[in-house]
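Residue-level structural notes
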Amino acid sequence: MKKINKYSRRKILKTTSAIAAAITINSGFPAILRADNNIKIGVPTILSGRVAQLGISVSNALKMAINNFNNAGGLDGRNIELIIRDSRAKPDEAARVCRNFINSDKVDAIINAEASGASFAVQEVVRESGTLCLHTVSETSRLTADPSIRAWNVFRFSRQGIHDAVGSARYAATVIKEKGLKTWMSVNPDYAYGRDSDDTFFWALEKFAPGFEILGKGWPKIFQPDYTEVITQIAREKPDAIYTSLWGGDLVSFIDQAALYGIFKNTQLFAINLADYTTMSAVKNLPSGLHSATRYVAAWPNTESNRNYDKSYTDLYGDHPTNWSWEASVGIDYLISAIKEIGGTDNKKIAEYIKGKQKESFMGVGEGNTVRIRENDQTIVDYSIGWGTTIPEDPYMNNIQAANWSTIEELEKEWLTDKGWL
Amino acid sequence: MEIFALFDCIITPACLISQTAGGLKIGMLLFLVASGLTLVFGVLGVINFAHGALYMLGAYFSWQVMSLTGHFGLAVISGAIGVGIFGLLFERLLINKVYNADLLVQILLCYSVILILDDLVMIIWGDEFLSGIGVPEVFQVPPLFIFDAIIPPFHIAIIVISMIVALLLWIIMTKTKFGKLVRATAVNPRMLEALGVNTNVIKAGVFMLGSFLAGLGGALAASLGSVVSGMGNSIIIESFIVTVIGGMGSISGAFLASIIIGMARSFGAVAMPLFTDGIMFLIMVLVLVMKPEGLMGKKK
């Protein structure tokens, strides 16, 4: 009887084809297999772990805008295709994803939605490749403030630490004057953003209200679950005010744990990242009178276009937009406008269009409710920054005061000079 | 380094009391989780890297029960029991396959489970962090003032609960038949099998108990902060440090080490606020150098 070979040629071919297909699917379909007509935008972001909401809210905002564009006929029938990949918040993975976008997927542009650490990794990749890149999440100022890492093809649509610091300090100075606050402590997550935020806030506060005393600083690790040692320090020192750039679940935990000690009865809290729907609705018994910047709230700017944006997003996704959502929305709006204007995806022409462009936006507070991409550092300005106090129910904030952009840009110049970046 | 601030704190009753209370609270919560880890290692010889994921499950289970019933006690107990049952299934279906396997295989299995559970909780409960289960109403009162030290009553409750758990564990391990069998299994499981004892039941029971403790830690943690996927990652590192310092497999060692770590973090934040985590690792290194088997571990 003929011996049947266990490893027949047919079986081997079948198996290797299946493995090849699996690898292809896992690494993403190469451009050649997709509709080549589409305008492809690569989005490296975080879709898993503790900050998955970052990637999800950015993706939602981008999809909302792109669906509108595609449904209106696209660019002469060409649709925008989003390719969103998870870097799991790892810088080396973000860089790898970005390189794949450029080399395998042949994207026309990248919308970077990574946190600060990974954003610097993405910056290096796009600087080298010359691919158009819009940063929409990282708030560390250095990403665009440091001229040594700037590139003609990179634009920033995310808010900056230094802008928020000046806005925050200006507001804090009015509260200092009103309530006679003299002593401060700070609690900031121990990584680039937290350090940057602490540095810039107190630097700016010194300009507006000199003479305060810093009693101590707490540097909990990001995602630390227990803030006892920091809170006991605050309870012991009894500062008049606390500044914190903790965010998300960390900020919720800190406020809940500090409330057990009765900290907020005699101490004013300035939490730059509190006024975010997800955060405010998660704090148990949100105390009234905490101070926060307006990350994203439908009530600010108090315009119909902003309320419409909130409504469109909420109707579609059942959740309010986040700060990351508006940044992505403004970024994709600029990109789509550029594509329509130049009639294509030539990166150099898009960059020329975007650079210095002033555009009406639901988050704009410039003349005619506009935002602007500043020419020298290709970063967004004239976006809404406000500070106010919390209330326990929707809209969660009141007494909102707008930051003044002339003051922000003036002090920003001084800060850049101090840093040797101007 | 602010050594004078530390000295000042020690000689000031308010500071000494508040930092000690804070340190005890940190330590006791850590003990709940670490005791389960060291128990599993001591008896089964398995380094359960997924222990932090079980802690996370305890937080989620308790959140779910709290949102359905609004009853804090029920939420915490359900969280712990739920994870205990999950741990039993985990042991029976997966862990028992790798008891004698290479350490790398055990690590890979546990890491896979961590990744699966991290994603599973997001699929079931959403990707956004959840507001914790909160402090029970009876403890939503102004804090106590003891010589000007501020101590929330709920923290005292956590310390007491954890100490009761420690006492119960000691009683179970030293005064009950089950405890004797567990200790015997740790020493010589084959001899025990030869005497007709079903060691599989003992091992499953130990893993279930260890998981219960992790779940209890997670449920109590959910009362103090938010619940989110991946929250077990921070506690597992500290749990391993406690296990190493206390002695692998020693529950009394885990108790002592947890208190040491809690105090180190609490007073360390006064003396070296930028190096609080580093102090923990420094203690671990010192113990490894001077007493490698751990403070209460047995020399091989």
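Read on for a plain summary of the structure. This structure is a prediction, so every number in the text was calculated from the model and none was measured.

1. Here's the deal with the overall build of chain A
For chain A, the count of helices and strands is 14 helices and 15 strands. Scaling as 2.2 N^0.38, a compact globule of 422 residues should have a C-alpha radius of gyration of about 22 Å, and chain A matches this with 24 Å. Principal-axis analysis of the C-alpha atoms gives chain A an extent of 95 × 55 × 45 Å. Within chain A, the proportion of its 422 residues that are buried is 52%. Counting only contacts in chain A whose residues sit at least 6 apart along the sequence, the fraction spanning at least 24 positions is 67%.

2. As for the overall build of chain B
Counting its regular elements, chain B contains twelve helices and two strands. Secondary structure elements of chain B occur, N-terminal to C-terminal, as α-α-α-α-α-β-β-α-α-α-α-α-α-α. In terms of overall size, chain B behaves like a compact globule, its C-alpha atoms giving a radius of gyration of 20 Å where 300 residues would be expected to give roughly 19 Å. The principal-axis extent of the C-alpha atoms belonging to chain B is close to 60 × 50 × 35 Å. When each of the 300 residues of chain B is scored for burial, the buried share is 51%. Relative to all contacts within chain B whose residues are 6 or more apart in sequence, the contacts with residues 24 or more apart total 77%.

3. Examining the sheet that holds strand 13 (residues 380–381) of chain A
Residues and elements named next belong to chain A. One open sheet accounts for three strands, arranged 11-12-13; its pairing is antiparallel. Only two strands of the sheet have a single neighbouring strand rather than two, namely strand 11 (358–360) and strand 13. Relative to strand 12 (residues 370–373), strand 11 runs antiparallel, the two sharing three bridges. Bridge pairing in strand 12 places Lys-359 opposite Val-371.

4. As for the pairing of strand 1 (residues 39–45) of chain A
Residues and elements named next belong to chain A. Among the seven residues that make up strand 1, seven are buried, leaving the element largely enclosed by the rest of the structure. Burial along strand 1 is two-sided: the residues Ile-39, Ile-41, Val-43 and Thr-45 and Lys-40, Gly-42 and Pro-44 are all buried. As paired strands, strand 1 and strand 2 (residues 80–86) are joined by seven bridges and run parallel to one another. Looking at the pairing, Val-43 lines up with Ile-84 of strand 2. Taking the sense of rotation as the criterion, the β-α-β connection linking strand 1, helix 2 (residues 52–71) and strand 2 turns out right-handed. Direction of pairing for strand 1 relative to strand 3 (residues 109–112): parallel, over a ladder of two bridges. Note that in strand 3 the partner of Gly-42 across the bridge is Ile-110.

5. A word on the nonpolar core
Core analysis: the biggest nonpolar cluster contains 214 residues, and Ile-111 of chain A together with Ala-59 of chain B have the highest contact counts within it. The residues touching Ala-59 of chain B, leaving out its near neighbours within four places in the chain, are Gly-218, Ala-219, Ala-221, Ala-222, Val-227 and Met-231 of chain B.

6. What to know about unusual backbone geometry
Following Trp-300 of chain A, the chain continues to Pro-301 of chain A via a peptide bond in cis, the omega torsion being 0 degrees. Note that Pro-301 of chain A resides in the loop between strand 10 (291–296) and helix 11 (304–317). Pro-395 of chain A follows Asp-394 of chain A through a cis peptide bond whose omega is 5 degrees. Along the polypeptide, Pro-395 of chain A turns up in the loop between strand 14 (386–390) and strand 15 (397–402). Phi is positive for Asn-369 of chain A, which is not a glycine, with a value near 55 degrees. Counting through the fold element by element, Asn-369 of chain A comes out in the loop between strand 11 and strand 12. Classification of Asn-369 of chain A by C-beta neighbours within 10 Å gives partly exposed; the count is 18. One non-glycine residue, Phe-147 of chain B, lies in the positive phi region at around 50 degrees. Within the secondary structure layout, Phe-147 of chain B lies in the loop between strand 1 (144–146) and strand 2 (149–151).

7. Regarding the interface of chain A and chain B
In this assembly, 34 residues from chain A lie in contact with 40 residues from chain B. Of all the secondary-structure elements, those providing two or more residues to the side of chain A that touches chain B are helix 2, strand 7 (213–218), helix 8 (228–237), helix 9 (248–260) and helix 10 (277–282) of chain A. In terms of residue class, the side of chain A that touches chain B is made up of eleven nonpolar, 15 polar and eight charged.

8. Let's talk about the sheet that holds strand 3 of chain A
Residues and elements named next belong to chain A. Spatial ordering of the open sheet is given by 2-1-3-4-5, a layout of five strands whose pairing is parallel. Where the open sheet ends on each side, the last strands, each with one partner, are strand 2 and strand 5 (154–156). Sheet twist, expressed as the mean angle between neighbouring strand axes with direction ignored, is 20 degrees. The sheet strands contacting helix 3 (residues 91–103) are strand 1, strand 2 and strand 3, and the helix crosses strand 1 at an angle near 175 degrees.

9. Side note on the packing of helix 6 (residues 161–179) of chain A against helix 7 (residues 192–208) of chain A
Residue and element names in this part refer to chain A. Remark: helix 6 packs on helix 7, axes separated minimally by 8 Å, with the N-to-C direction vectors making an angle of 45 degrees. Considering the angle they form, helix 6 stands oblique to helix 7. Remark: the crossing between helix 6 and helix 7 carries right-handed chirality. Contact residues: Gly-161, Ile-162, Ala-165, Val-166, Ser-168, Ala-169, Arg-170, Ala-172 and Ala-173 in helix 6; Asp-196, Ser-197, Thr-200, Phe-201, Ala-204, Leu-205, Lys-207 and Phe-208 in helix 7. Across the contact of helix 6 with helix 7, the residue classes break down as ten nonpolar, four polar and three charged.

10. Some words on helix 6 of chain A
End to end, helix 6 of chain A covers 26 Å across 19 residues, agreeing with the expected 27 Å (1.5 Å per residue, within 8%). Downstream of helix 6 of chain A by a residue or two, Gly-180 of chain A has a phi angle that is positive, lying close to 65 degrees.

Reading the values: the criteria
- Residues numbered from 1 in each chain as written.
- Chains lettered and ligands numbered in written order.
- Predicted model: local features only at pLDDT ≥ 70, side-chain atom pairs only at ≥ 80, totals over all residues.
- Helix = DSSP H or I, 4+ residues; strand = E, 2+ residues; numbered from the N terminus.
- Rg over C-alpha atoms; globule rule 2.2 N^0.38 Å.
- Buried ≥ 20, exposed ≤ 12 C-beta atoms within 10 Å, placed from the backbone.
- Contact = placed C-beta atoms within 7 Å.
- Pairing = 2+ DSSP bridges.
- Right-handed = clockwise from strand over helix to strand, strands pointing away.
- Core = buried A, V, L, I, M, F, W, Y, C linked by C-beta atoms within 7 Å.
- Nonpolar A, V, L, I, M, F, W, Y, C, P; charged D, E, K, R; others polar.
- Axes fitted to C-alpha atoms, helices over the stretch in contact; angles between N-to-C directions.
- Parallel < 35°, antiparallel > 145°, perpendicular 65-115°, else oblique.
- Left-handed = near helix turned anticlockwise from the far one by under 90°.
- Expected span 1.5 Å × (residues − 1).

Geometric values such as these leave the question of function open.
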